[in-house]
Structure formats: C-alpha cells, structure tokens
Amino acid sequence: MTEVNQINHHLTDGLLMAYSAGTLPEGFGLVVATHVSMCDECRARAASFDALGGAVLETSAGPEAAMPAHSLTQTLERIRAGRPSAANEPRPATGGVFPAPLAAYVGGDLDRVKWRSYGIGLKQRILPVARGSSVRLLYIPAGMAVPDHGHRGTELTLVLQGAFRDETDRFGRGDIEVANEDLEHTPIAEEGAACICLAATDAPLRFTGLLPRLAQPFLRI
Amino acid sequence: MTNAEGEQCEWAQHLYMVRDNKDEAAFAALFEHFAPRIKSFLMKSGADAGTAEECAQDVMASVWQKAHLFDPARAGVATWVFTIARNRSIDLLRRQRRPEPQELGWGPVAEPDQADALALQQESNQLNLALKALPVKQRKLIERAYFGDLTHSEIAEETGLPLGTIKSRIRLALERLRHGLG
C-alpha cells in the first residue's frame, strides 16, 4: 500500500479519463497526480483509462495517416544522433507530507512553502500553472471555517494534512472533494492539526457574503 | 491463441529485440505499425499533418530510447506507446506540463512475472476487440474524449459513454494491477 490511512473520497471517472487523455488543465492534472500518488485504487483506475487510450490508438488509423517514405530513416538518424527525448519520468516517493508531483511544484516539502497570510490565520500559496485553471495550497487553522462559497465550474480539494468537514462529509488525508456548481459549502477544519489542502478551480470561486467578496481580489481565488 | 490475441505479445517481443539487440528490423516493424497510428491520433486531436508527423517520429525515437522502461506486467505495448504520445503532445501542442504520479516504492524492479505479462498483453488485445465491437455511436464518444473534444465535465455528463462495458472488460487487468500494487 502507498498509504496506510483509509481514503474514502476518490476521483470521478470524468477526471480520470480526461487526465488519461491528457486534456485536463494543468492545475487539475496536478491535483489528480497528487491524489493518485496517495491512492492505489485511483492509480489502478487511471491505468485502466490508459489501457483504453492504448486501444483507441491501436484502432485509430485511416488513409490520411500514412507516414512519408523517408520518415523511418529520419527517425533512425535521430536515434543515432542520440538526441535525448524530453519526457517526464515519474519521481520517487518523497517520504514527506507532499507526494512527489506536488513537491516538484513547491520546490520541496511543507516546510518550504512560502505562505501568504491573510491575518485571520488563513494562509495560502498560489502555484504556477498554465492558463485554464488555478491551483493553490491552503492552510486552515484547526477549527476554522473557510467562508461560505459556491462555485462556477469545478473545484477540487485534496486534503494533505489534518481533516475538514462540510455539509456533505468528512475529508481526511488523501480524500478529494469534487465540487460543482450545485454545491454551496462551508468547510470547517477539524480540531487538532491545521488542515492543509491542495485546491484547484477552473473558474473563480463566488462567495456569498460581503466580506469574503471584498477579500476575493486579494486572495485571487 | 488467435492472431488478434497474440498481436500485443508480438509487439512486446519486437520491443525486447530493440531493447536487447538494438534490432533495426524489429524497430522498423514497430514504426510501420505505430507511427501512422500516432500521426492519425494527433491529427484527430487537432494537429496539422506536419506537426503530427514530427511528433510521431519523436515518439518513436522515445520508444527506442525507453525500451528498457517498458514493463509488460503493467501495460500493453499500445498503452505504453499511447502514454508517450500523450505526454509528448501535451508538451508540444498544448505547451503545458503534465504532472505525473510518483513512482511506486518498489525499489529495483524485479523480473516481471511471465504469466502476468502474457495475461496483460492478451487482455489488451481483448480490449481492442471490445472497442471495435462497440456500436459506432458509443465508440465515437470514447474517441472524442481521447481526442480532446470532451472536457472532464462533459465526460461526466455524457450518459452515452459505455464506461460500464469498458470497465467490465478491463476489470481483470484492474484487479491484477490492484493486486500488484497492494
């Protein structure tokens, strides 16, 4: 087992299939890769969607697909020239709080995060990804509630440390909440350790209260 | 074993010949089979012919260079080639990074179990046959997801996707993977 704790909330088929197809925005891809690093079940499901991708590749060839006559020779020349292929290899496990794909974006583990504080104990760090989504680390002090908010688009929240509860259930380390437009929720960090989450959205959050709305431009969420 | 069932096993043999002997004839056979498929896949994903050809060459060069990383107990040859092509196209066509899950903490990979490897290659063939046997409408939907015509939320909303059929087909492979991971 990758992790000893029980993971109860998993990725959806839609996210896993799009991740396998390579069509997820980068921020979502980071959350999926981080969850899969902690969850054997979703790793196996991801592998099965890769197998489906392999079957689509295997069965997709039409007359337009013929390669030019010289292309094999060119490829062999390329191989002989030893031009290294650029490909991302899986990284070894870190042994820290952050699984390898997240640690690569942060430049280290939890102790390396350059948090920005928002006075009330809530901290966040936005991670650099391509357009189409935004992704950030959230630090929610034990017992604190994140302002009541709804969503346009989809919001993924993956717990890395501690736990939170909202109107739907409890989420502990490795659990992922997939929230869509229907969900208005108020996540509350459990007592005990601070709750640290990786959260991604493909659209700005919309807050229902006035104060959070004022804070929104500063939080950039 | 029928031809169709044996196809993926045959490609695995070709890959071993590339890995162990730098066998150009074996590579030529892999190229002839997979390069047009990669090109077609990329064109259906929105690439123009020139870019798709360039990318297909690049992917096939990676197949040569990474042949030692192919693990027949974990993926069919077509699946493995697909993952290389997908990563290259994200890089090349979408100019994004694809975060990869961390590798499993297995340490040095032991010699893969022959029976597991054979079973997985055969299951990959059966999945190909199952995909071909789907009603055209359902098959097109799956293809649209892989060619990037459906977003993750469209996939979630799409009721015509035969994920149940596909899942029952790949259940065995899935159980095997789970077993291997557990």
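Predicted model only: the values in this text are computed from it and were never measured.

### Looking at the packing of aromatic side chains
(1) Moving on: Summed over all chains, the structure comprises ten aromatic pairs over all chains.
(2) Moving on: Ring plane angle 50° and centroid distance 6.2 Å describe the contact between B:Phe27 and B:Phe31, whose orientation is recorded as tilted. Placement of both B:Phe27 and B:Phe31 in helix H2 (residues 24-44) is noted, with a separation of four residues, approximately one turn of the helix. Judged on exposure class, the residue B:Phe27 and its partner B:Phe31 are both buried.
(3) Moving on: A connected cluster of aromatic rings, assembled from ring pairs, spans B:Phe41, B:Phe82, B:Tyr146 and B:Phe147.
(4) Moving on: Stacked on the ring of A:Tyr139, the Lys or Arg A:Lys123 has its end atom at 4.2 Å from the ring centre.
(5) Moving on: Lying across the ring of A:Tyr105, B:Arg97 places its NZ or CZ 4.1 Å from the centre.

### Some remarks on helix H1 (residues 13-21) of chain A
Along an α-helix, a turn takes 3.6 residues, which lines up residues three or four apart on a common side.
Residues and elements named next belong to chain A.
(1) Moving on: Within H1, nine of the nine residues are buried, which leaves it mostly tucked inside the rest of the structure.
(2) Moving on: Within H1 the residues assigned to the buried category are Asp 13, Gly 14, Leu 15, Leu 16, Met 17, Ala 18, Tyr 19, Ser 20 and Ala 21.
(3) Moving on: A positive phi of about 80° marks Gly 22, the residue just after H1.

### Concerning the sheet that holds strand S10 (residues 195-201) of chain A
Residues and elements named next belong to chain A.
(1) Moving on: Spatial strand order, S1-S2-S3-S10-S5-S8: six strands in an open sheet with antiparallel pairing. Where the open sheet ends on each side, the last strands, each with one partner, are strand S1 (116-117) and strand S8 (176-179).
(2) Moving on: Against the sheet, helix H2 (residues 26-38) engages strand S2 (123-127), strand S3 (134-140), strand S5 (155-161), S8 and S10, with an angle of about 40° to S5.

### Digging into the pattern of salt bridges
(1) Moving on: Per the counting criterion, the structure on display carries 16 salt bridges over all chains.
(2) Moving on: Taking the shortest distance from any N to any O, the salt bridge between A:Glu190 and A:Arg170 comes out at 2.5 Å. Note that A:Glu190 is positioned in the loop between strand S9 (188-189) and S10 and A:Arg170 in strand S7 (residues 170-171), a separation of 20 residues in sequence.
(3) Moving on: Between B:Arg88 and B:Asp91 there is a salt bridge; the shortest N-O distance is 2.7 Å. Highlighted residues: B:Arg88 and B:Asp91, both in helix H4 (residues 77-93), separated by three residues, approximately one helical turn.

### Some remarks on the interface of chain A and chain B
Interfaces are frequently sized by the accessible area removed from exposure as the parts join.
(1) Moving on: Opposite the 76 residues of chain A that make contact, chain B presents 74 residues.
(2) Moving on: In this assembly, chain A and chain B are joined by six salt bridges.
(3) Moving on: Among the ionic pairs, A:Arg80 bridges to B:Glu24, the shortest N-O distance being 2.9 Å.
(4) Moving on: Linking chain A with chain B are 17 residue pairs in polar contact (both at pLDDT 80 or more), by the criterion used here.
(5) Moving on: Every element with two or more residues in the side of chain A that touches chain B is listed here: H1, H2, helix H3 (40-58), helix H4 (71-80) and helix H5 (100-106) of chain A.
(6) Moving on: When residues of the side of chain A that touches chain B are assigned to their parent elements, the largest contribution, 17 residues, is made by H3(A).
(7) Moving on: Of the residues contributing to the side of chain A that touches chain B, the split by class is 39 nonpolar, 21 polar and 16 charged.

### Considering the side chain of B:Asp58
(1) Moving on: With respect to the secondary-structure elements, B:Asp58 resides in helix H3 (residues 49-65).
(2) Moving on: Aside from chain neighbours lying at most four places away, what touches B:Asp58 is A:Arg78 and B:Arg88.

The rules behind these values
- All residue numbers refer to positions counted from 1 along the written sequence of the respective chain.
- A letter from A marks each chain and a number from 1 marks each ligand, given out in the order of writing.
- With the structure being a predicted model, the display of local features is reserved for residues of pLDDT at least 70 and the display and counting of side-chain atom pairs for 80 or more, all residues being used for whole-chain, interface and lining totals.
- Side-chain descriptors were evaluated using all non-hydrogen atoms of the structure, hydrogens and water having been removed beforehand.
- Each Phe, Tyr or Trp ring (for Trp, its six-membered ring) is paired with any other whose centre lies within 6.5 Å, and the angle between the two planes then decides the class: stacked below 30 degrees, edge-to-face above 60, tilted in between.
- Going along the chain from the N terminus, every DSSP run of H or I of four or more residues is numbered as a helix, and every run of E of two or more is numbered as a strand.
- Throughout this description, buried means an accessible area under 20% of the type-specific maximum (1.4 Å probe, protein chains only), exposed means over 50%, and partly exposed covers the range between.
- Whether a charge lies above a ring is judged from NZ of Lys or CZ of Arg, which has to be within 6 Å of the ring centre and within 35 degrees of the ring normal.
- Note: two strands are recorded as paired if DSSP finds a minimum of 2 bridges between them.
- Contacts were defined at the residue level, with two residues in contact if any of their heavy atoms lie within 4.5 Å.
- Comment: axis = line fitted to C-alpha atoms, over the contacting stretch for helices; angle = value between 0 and 180 degrees taken between N-to-C directions.
- The salt bridge criterion pairs a side-chain nitrogen of Lys or Arg with a carboxyl oxygen of Asp or Glu, the two atoms within 4 Å.
- In protein, a polar contact means a hydrogen-donor-capable atom and an acceptor-capable atom, both N or O and within 3.5 Å, with residues adjacent in sequence counting only if both atoms are side-chain atoms; elsewhere, any N or O pair within 3.5 Å suffices.
- Following the grouping adopted for this structure description, the nonpolar residues are Ala, Val, Leu, Ile, Met, Phe, Trp, Tyr, Cys and Pro, the charged ones are Asp, Glu, Lys and Arg, and the polar ones are all others, Gly among them.

From the geometry alone we can't say anything about function, so treat these as descriptive.
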